[in-house]
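Coordinate inspection notes
The lines below spell out each chain.
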Amino acid sequence: MVGRQGRVTGKIGPGLVGEVMVPIRGGVEAFYAYPSLPDEEIPVGSIVVVVEYSPPRTVYVARAVV
């Protein structure tokens, strides 16, 4: 999971549980998402990179450099 890119489908920010769609296992799956930097906000539609994975469905993400 770490290093994979995904697209934000639910706003990620402080005090919020966001959602990202990540391509994995031949499909695309939804994961609960938190920002890797505690005060960062990431809007819907942004591309992110997974920096930490907590099974079964939680990821910590950072904005991808595109």
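Within every chain, residues take consecutive numbers counted from 1 along the sequence as written. Totals for whole chains, interfaces and linings use all residues, but because this is a predicted model, local features are given only for residues with pLDDT of at least 70 and pairs of side-chain atoms are given and counted only at 80 or more. Side-chain descriptors were evaluated using all non-hydrogen atoms of the structure, hydrogens and water having been removed beforehand.

For this document, the term salt bridge refers to a Lys or Arg side-chain nitrogen within 4 Å of an Asp or Glu carboxyl oxygen. In total, this model carries 4 salt bridges according to the counting rule given. Glu 29 is the salt-bridge partner of Arg 57, the closest N and O atoms lying 3.0 Å from each other. Of the two residues, Arg 57 is situated in the loop between strand E4 (47-54) and strand E5 (58-63) and Glu 29 in strand E3 (residues 27-35); the sequence distance between them amounts to 28 residues. In this structure, the salt-bridge partner of Arg 63 is Glu 40, at a minimum N-O distance of 3.3 Å. Here a helix means four or more residues in a row that DSSP labels H or I, a strand means two or more in a row labelled E, and each is numbered from the N terminus.

What follows concerns the packing of aromatic side chains. Each aromatic pair joins two rings of Phe, Tyr and Trp (for Trp, the six-membered one) with centres within 6.5 Å, and gets the label stacked for planes under 30 degrees apart, edge-to-face for over 60, and tilted for any other angle. For the structure shown, the criterion picks out 2 aromatic pairs. Judged by centre distance (6.3 Å) and plane angle (80°), the ring pair of Phe 31 and Tyr 53 falls under edge-to-face. Here Phe 31, found in strand E3, pairs with Tyr 53, found in strand E4; they are 22 residues apart in sequence, far enough to count as distant. A cation sits over an aromatic face here: Arg 57 above Phe 31, 4.5 Å from the ring centre. Here, a charge over a ring means that NZ of Lys or CZ of Arg falls within 6 Å of the ring centre while also lying within 35 degrees of the ring normal.

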